[in-house]
Amino acid sequence: MGEYKVSEEKAREIEEKIKRSKEVIREAFQKFKPSECAITWTGGKDSTTNLWLIRQVCIEDNIDLPHVITIDEGDAFPEITDFLIKISKKWNIDLKWLCNFDVLRACQSKLGGTVKVKDLNERNRAELKRIGFEEESFTFEAESYAGNHLMKTVVLNQFIEENNIKALFMAVRWDEHPARKNDKYFTEKEAGDLQPAHTRIAPILHFTERDIWDNTHLHNLPYCPLYEIGYRSLGVRSTTNPMQVGVPAWNQDLENTVERMGRRQDKEKAMERLRKLGYM
Amino acid sequence: MNSLRLKNVILLTVDTLRKDVLGCYNPESKLTPFIDSLQDRCIKFTNMQAIGPYTQASFPGILTSSYYFDWGRHKKCPPQRILISEVLKKGGITTAGIHSNPYISEFFGWNRGWDFFYDSMEEEVTDEVPYIKGDKINKKVDEWLSSHIKGKDYGRFFLWMHYMDVHEPYVPERRYVEMVDPSIKLSSNEMFNLFKNVILKRDVSDKEKVELLKKLYFAHVREIDEYVQDFFSILKRYDLLENSTVIITSDHGDEFGEHGGLSHDGKFYSELINVPFLIYNPGEDEGKVCDKLVSNIDIPPTILHIFGLEQFKGFKGHSLLPLENYPEKGCFGEAIDKRSAHEKETDKPTYYYQEEKLKIIYRESTDTWEMYDLRDDPRELNNIVNISTGAESMKQILKPRIGRWLKDK
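Keep in mind that what you see is a predicted model, and the values were worked out from it rather than measured.

Engineer: Help me understand the overall build of chain A in this model?
Structural biologist: Of the regular secondary structure elements, chain A holds 8 helices and 8 strands. Summarising the internal contacts of chain A: among those between residues at least 6 apart in sequence, 69% fall at separations of at least 24.

Spelled out as structure tokens, the structure:
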């Protein structure tokens, strides 16, 4: 990270924040066995920080590391895939790749390809029925409501059910966007139409985007090289763009610009709203 | 003209607002005392037709002066569409868009050209109120105005704001229900069940339920009137009432069984496309009533005219101002001919053309034509396409538009 500087005062502040995160993680391990927990890891800066913190606690307290999972939506940056493989080896993590291969098979893994519902397996067909999707086919792309449900929600739910997972560690932060500002460290998700019951734990809620980079620098954490060339927030390849080409994320104006501008995270939100307005 | 050129323009759109619920169009309606009180300072258009009967089909007219299928059948705003915000920004006008409708959100590509754009998609909403309410929209507007207007030298601005509160599900607050019909004692849950079991199913078999739903809709209209009033007091507070033009309209209306359906599907009857249109324009044509047939595709050119900017060649409409220069022309519109809440890929397009008081409609799915003479059949119940002598020439005007984006290829 070159000349990156963190003041002594800020470094102390980061240590306090780490302490708080570890308290949350330890509280989680009092409530749940490690084998009942899973850590979501996208390879992005937040989830890498989150994983690093949980791993630290496990080492310090001699606890087994929970499951570590990553969801492959079929449109990943090769840089992220490489990063995940490299760091898994380095940190000795048995990373579980979750992927709905049935959907990929149905469209020959081609982005923009057509997925015929009749070509899908029974579970995927049942899932489409469950969300009220009645068409005969859909396009395999980030915009696709059906594809998104099958590639993300279904694989996660399946993992939760099959492994009897009771808690998920997530890497959300309060400053990500205004809607998060009332989030809590522990959120119980009731069983619903679209998800099994589980608890979501957010150990790094209080970290800001700047804190993440300060901490990455202070503790020499690994990060995906895409951040060096201008990406601020990483999603799937076809909907993520760098914010300032050529300017490393940590040198951008983090305080006055919107981190997720380069991402189209609004897909599910827009679809959910349409559904509630009666359009889906 | 000079005084005109110094103005800001505010476009206030209300989703799903029928024309006949406004007292200034229908004296029997007592739902909108504040909006009605504005009419003496407005130009009131009585014959404004939306180019589409639902948001995705209508907003291309309102914000881009183009038709829904101009570049094919897209779910997202195609890059060829140029938004009024993009044109104004190039013209040195500050632009802000504040709303809560997913179909015109950033995700669907409607965030282009805005210096400030808020579509609320990151906010948490409930099933009963799946959008940000008008009071919060006003608050956002207030915040934006206060940040833009610092000192006297702020640049002229274009503000577009959009209220969602009359869109289904109709679950109005108690006090608005009281104002409409105190005898209605439904709980929020019961109101929401009407949405699920009657509106979503487009079930008009029980007339009493349809009437009840209409009253709940009215309660939301009553609510909207308060938000408009609050918004005008914000304008007054910033001293903007005399140097701003406020255009008030809706993207489409709503159906309560008039043509066998509910909500706003792919139909072109008046309850869906004949929308309210007021230009609050202090000092210019105050209190005038314009009965000319006009289209919401004319809104962007009108905005350019008020700013004194050159007309943009890509826009397909014509400025409504000055009133005397507006040419007599017909109105077109197009949409997907869906009959449910859910649009299927297999649903076919439908089109309309109106000239004076004659309207012709074509449905591709059944290859059928309908024609109505609105003078003696304002409710559009008597199809005269087989007996009208004018039908053939109207068909010839509409035919080239059918599937035209496929022919271009």
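Engineer: For this particular structure, what's the right way to read the sheet that holds strand β8 (residues 198-201) of chain A?
Structural biologist: The strands making up a sheet are joined through hydrogen bonds of the backbone, oriented either antiparallel or parallel. Residue and element names in this part refer to chain A. Strand order across the open sheet formed by 6 strands is β3-β2-β1-β6-β8-β7, with mixed pairing between neighbours. The open sheet has two free edges, formed respectively by β3 (95-98) and β7 (186-189), since each of these has just one partner strand. Within this sheet the neighbouring strands show an average axis-to-axis angle of 30 degrees, counted without direction. With 4 bridges connecting them, strand β2 (residues 67-71) and β3 associate as parallel partners. The residue bridging I69 from the neighbouring strand is K96, located in β3. Relative to the sheet, helix α2 (residues 45-61) contacts β1 (37-40), β2 and β6 (167-169), its axis offset from that of β1 by approximately 145 degrees.

Engineer: How do you make sense of the interface of chain B and chain A when you look at a structure like this?
Structural biologist: A common measure of how large an interface is: the accessible area buried when the components associate. At the interface, 21 residues of chain B touch 16 residues of chain A. Tallied by class, the residues present in the side of chain B that touches chain A amount to 9 nonpolar, 4 polar and 8 charged.

Engineer: Would you explain the packing of helix α7 (residues 188-199) of chain B against helix α8 (residues 207-237) of chain B in this entry?
Structural biologist: Two packed helices can be described by the angle between their axes and the distance between those axes. Residue and element names in this part refer to chain B. α8 packs onto α7 with a crossing angle of 125 degrees between their chain directions and a minimal axis gap of 11 Å. Regarding the angle of α7 to α8, the classification is oblique. Seen from above, α7 lies across α8 with left-handed handedness. Taking contact as the criterion, the partners of M191, L194, V198 and I199 in α7 are, on α8, K209, L212, L213 and L216. Each residue belonging to the contact of α7 with α8 can be placed in one class, and the counts come to 7 nonpolar, no polar and 1 charged.

Engineer: What is the right way to read the nonpolar core from this model?
Structural biologist: General note: in soluble globular proteins, nonpolar side chains tend to be found buried as a group. Core analysis: the largest hydrophobic core is formed by 170 residues, its most contacted members being A:V103, B:V141, B:F158, B:L159 and B:I303. No fewer than three residues from each of domain 1 (2-326) and domain 2 (348-407) of chain B sit in this core. If we skip the residues at most four places from it in the chain, B:I303 touches B:V9, B:I84 and B:F158.

Engineer: Can you help me understand helix α10 (residues 299-307) of chain B in this one?
Structural biologist: Residues and elements named next belong to chain B. When you tally the buried positions in α10, you get 9 out of 9 residues, the bulk of the element. Those residues of α10 lying buried are I299, P300, P301, T302, I303, L304, H305, I306 and F307. Looking one or two residues past α10, G308 carries a phi angle of roughly 75 degrees, positive in sign.

Engineer: What is the right way to read α2(A) from this model?
Structural biologist: Every α-helix carries 3.6 residues per turn, so stepping three or four residues along brings you back to the same face. Residues and elements named next belong to chain A. The first and last C-alpha atoms of α2 sit 24 Å apart over 17 residues, in line with the 24 Å expected at 1.5 Å per residue. Among all positions of α2, only K45, D46, S47, T48, T49, N50, L51, L53 and I54 are buried. Summarising the contacts, the buried residues of α2 are in contact with α1 (8-31), β1, β2, β6 and α7 (209-218).

Engineer: How should I be thinking about the environment of B:L11 in this particular structure?
Structural biologist: Residue and element names in this part refer to chain B. Along the chain, L11 falls in strand β1 (residues 8-14). Classification of L11 as buried rests on a count of 22 C-beta atoms within 10 Å. Discounting residues that sit within four places of it in the chain, L11 has contacts with W160 and I247.

Engineer: Can you help me understand the sheet that holds strand β13 (residues 349-355) of chain B in this one?
Structural biologist: Residues and elements named next belong to chain B. As summarised here, the arrangement of the 4 strands in space is β12-β13-β14-β15, forming an open sheet in which the pairing is antiparallel. Of all the strands in the sheet, the pair left with one neighbour each is β12 (331-336) and β15 (368-373). For this sheet, the mean inter-axis angle between neighbouring strands, taken without regard to orientation, is 15 degrees. Pairing of β12 with β13 involves 6 bridges; the strand directions are antiparallel. Directly across from I336, in β13, lies its bridge partner P349. Helix α11 (residues 391-398) rests against β13, β14 (358-363) and β15 of the sheet, and its axis sits at about 55 degrees to β14.

Engineer: What is the right way to look at the pairing of β1(B) in this model?
Structural biologist: Successive side chains on a regular strand alternate, one facing one side of the sheet and the next facing the other. Residue and element names in this part refer to chain B. The element β1 is largely enclosed, with a buried count of 7 among its 7 residues. Both faces of β1 are covered, namely the face carrying N8, I10, L12 and V14 and the face carrying V9, L11 and T13. As paired elements, β1 and strand β6 (residues 244-250) share 7 bridges and run parallel to each other. Paired with L12 across the strands is I248, a residue of β6.

Engineer: Before we go on, may I ask you to explain the environment of A:G43 in this structure?
Structural biologist: All names here are of chain A. Relative to the elements of secondary structure, G43 occurs in the loop between β1 and α2. Here G43 falls in the buried class, since 26 other C-beta atoms lie within 10 Å of it. In this structure the C-alpha to C-alpha distance between G43 and T81, which are 38 residues apart in sequence, comes to 7.8 Å.

Engineer: Please clarify how the pairing of strand β5 (residues 157-163) of chain B should be interpreted in this entry.
Structural biologist: All names here are of chain B. Counting buried residues along β5, 7 of its 7 residues qualify, which places the element largely inside the surrounding structure. Here β5 shows two buried faces, one formed by F157, L159, M161 and Y163 and the other by F158, W160 and H162. Where strand β3 (residues 94-98) meets β5, 5 bridges bridge the pair, whose relative direction is parallel. From the neighbouring strand, I98 faces β5, where its bridge partner is M161.

Engineer: Please explain the packing of α1(A) against α2(A) as it appears in this structure.
Structural biologist: All names here are of chain A. Viewed as axis vectors pointing N to C, α1 and α2 meet at an angle of 65 degrees, and their least axial separation amounts to 10 Å. It follows from the interaxial angle that α1 and α2 lie roughly perpendicular. In terms of crossing hand, the pair formed by α1 and α2 is right-handed. Only L53, I54 and V57 of α2 make contact with α1, whose side of the interface consists of I18, S21, K22, I25 and R26. Across the contact of α1 with α2, the residue classes tally to 5 nonpolar, 1 polar and 2 charged.

Engineer: Which parts of the structure should I look at to understand the confidence of the model for chain B?
Structural biologist: Should the pLDDT be low somewhere, the predicted coordinates at that spot are not to be read in detail. Confidence along chain B averages 94 in pLDDT terms, with 98% of residues attaining 70 or more. A low-confidence stretch, residues 1-5 of chain B stays under pLDDT 50, and its non-local contacts, those more than four residues away or across chains, total 5 contacts.

What counts as what
- Residues numbered from 1 in each chain as written.
- Chains lettered and ligands numbered in written order.
- Predicted model: local features only at pLDDT ≥ 70, side-chain atom pairs only at ≥ 80, totals over all residues.
- Helix = DSSP H or I, 4+ residues; strand = E, 2+ residues; numbered from the N terminus.
- Contact = placed C-beta atoms within 7 Å.
- Pairing = 2+ DSSP bridges.
- Axes fitted to C-alpha atoms, helices over the stretch in contact; angles between N-to-C directions.
- Nonpolar A, V, L, I, M, F, W, Y, C, P; charged D, E, K, R; others polar.
- Parallel < 35°, antiparallel > 145°, perpendicular 65-115°, else oblique.
- Left-handed = near helix turned anticlockwise from the far one by under 90°.
- Core = buried A, V, L, I, M, F, W, Y, C linked by C-beta atoms within 7 Å.
- Buried ≥ 20, exposed ≤ 12 C-beta atoms within 10 Å, placed from the backbone.
- Domains from an automatic or database assignment.
- Expected span 1.5 Å × (residues − 1).
- pLDDT = per-residue confidence, 0-100.

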